[in-house]
Amino acid sequence: MDEGLRSELSKQGIFTTTLEDLYNWGRKNSIWPLGFGLACCAIEMIATSMARYDLARFGAEVFRPSPRQADLMIVAGTVTKKMAPQVVRLYNQMPEPKYVIAMGACAISGGPFKQGYNVLKGIDRYIPVDIHIPGCPPRPEALLHALMTLQQKIDEQVLTGERRPRHLNADVPGEFPVPEYGEHDLVPTNNPDVWQPPALVRED
Amino acid sequence: MDTDKNAPEQIKSRVEVGVPGVRLEVVVNGSPCAQHSLVVDREHALLAAKFLKEDPAYRMDYVSNVTGVDWPETTIKEIVKTKEVVDGVEREIERTTEKKKSGFLEAVYHLYSMELKHGPVILRIRTENRAEGNHLPSLTPVWRGAEFQEREIFDLYGIVFDGHPDLRRILMWEEFKDYPMRKDYVEPDDYEYEPTPHDDVLEKAKKHAEKVLTTDGH
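Procedures and definitions
- Residues numbered from 1 in each chain as written.
- Chains lettered and ligands numbered in written order.
- Predicted model: local features only at pLDDT ≥ 70, side-chain atom pairs only at ≥ 80, totals over all residues.
- Helix = DSSP H or I, 4+ residues; strand = E, 2+ residues; numbered from the N terminus.
- Rg over C-alpha atoms; globule rule 2.2 N^0.38 Å.
- Contact = placed C-beta atoms within 7 Å.
- Pairing = 2+ DSSP bridges.
- Axes fitted to C-alpha atoms, helices over the stretch in contact; angles between N-to-C directions.

S.K.: What exactly am I supposed to notice about the overall build of chain B here?
M.R.: When you go through chain B residue by residue, the secondary structure sums to 4 helices and 9 strands. In chain B, the succession of α and β elements from N to C terminus is α-β-β-α-β-β-β-β-β-β-α-β-α. A compact globule built from 218 residues would reach a C-alpha radius of gyration of about 17 Å, whereas chain B, at 23 Å, exceeds it by more than 25%. In terms of principal-axis extent, the alpha carbons of chain B reach across some 70 × 65 × 35 Å. Across chain B, contacts joining residues at least 24 apart in sequence account for 55% of those joining residues at least 6 apart.

S.K.: Help me out: how do you make sense of the sheet that holds strand β1 (residues 33–34) of chain A in this one?
M.R.: Residue and element names in this part refer to chain A. An order of β1-β2-β3-β4 is seen for the 4 strands of this open sheet, with the pairing classed as parallel. One side of each edge strand has no neighbouring strand; the edge strands of this open sheet are β1 and β4 (131–133). Sheet analysis places strand β3 (residues 99–103) next to β4, joined by 3 bridges and oriented parallel. In the strand pairing of β4, A102 is matched with H132. Helix α6 (residues 140–155) contacts β3 and β4 of the sheet and is inclined by roughly 165° relative to β4.

S.K.: When you look at the sheet that holds strand β6 (residues 104–113) of chain B in this model, what are you seeing that I'm missing?
M.R.: Sheet strands associate in pairs through backbone hydrogen bonding, adopting either a parallel or an antiparallel arrangement. Residue and element names in this part refer to chain B. Spatially, 5 strands are ordered β1-β2-β7-β6-β3 in an open sheet, and the strand pairing comes out mixed. The sheet is open, and its two edges are formed by β1 (24–27) and β3 (62–71), each paired on a single side. Neighbour-to-neighbour, the strand axes of this sheet turn through a mean angle of 25°, independent of strand direction. Looking at chain direction, strand β2 (residues 37–40) and strand β7 (residues 118–126) are connected through 3 bridges and run parallel. Within β7, the position partnered with V39 by the bridge is R124. Where helix α1 (residues 8–18) meets the sheet, it contacts β1, β2 and β7, and its direction lies at approximately 170° from that of β1. Sheet strands in contact with helix α3 (residues 147–157) are β3 and β6, and its direction is about 10° off that of β3.

Written out as structure tokens, the structure is:
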């Protein structure tokens, strides 16, 4: 609808909208996170949901104990290689549309444990991450900012056409392979559809 | 509690009386903390532990910490200076001898007494070698608190504790084959690009680059 016509109609007391706007507006203001924490970042996540920072202002205070009822996975903390398959499995169990916030240095890259044999170097190796928050741990404000960024992202999603999100595209699989425990490391070490190791381009 | 009683020599002689045939060796800690320890032989370790727990003079009823140590095979170089007569002239000649010291794994138990409020008494048990002879008697039947820590040592060092009620990996997964806390552990090559690699990371980066060049160069 033409923007000028819309403002003209609103002056006459007629409110117009599109289905897309209404749908996205509803979704972005009721993001229910999955209630699970992996390490110290979870403490900041809990603080964010409490009265002082009040995640309820954004409609995201309903931490769900079941992945079946959750829209958002906040990966808050260190993901060990032993825990990684369970995290991917939980993500697979969430209904579409689903989003992921990787919270803290460990969840985005392995953080201070990057050189360790037992820590996954970023959950984005197995599942698609929408928002990365650096910090060790990030302050509640950073998590709120991440949520607002996610809201903006949801608001900008188009529901039809080539750029439609994964959950509206039947050709794109919504489940991601769960890594298996290998003899030395997880097998595979990353999901190539989601993440590729960064290649250094040297200009010789 | 007099300090003499906690001296390793005192404990040694007391245990030797209580457990006939036990072979004990005092390991002196030369650092300021002077926390000396006792090496007990594998065959009598369980009996010695029981004795220390039940002996009215010690009553070691609490094991605060169990840990593992990996002692890899080492070569010790010794330089011996001898005076020899060469061509009618007496000269000092240095000879280096290399001794190979076989490696072993070790479990260390820190014992305290809650009843008599003294400790620690430190027990060490050593395996025969780092390969097949990696068995030690479990002290879990004596101190239940050692159960999880012995599992952790089994997980990370590969010491098999005979007589342990539930010996499984505790931190890593069941399918895992390596022992990450051993000195010769090789971690999986999952090096990632870093803008300013240095020290160990630089070594890792070079090795990774060589490996990528020799395989597929992805």
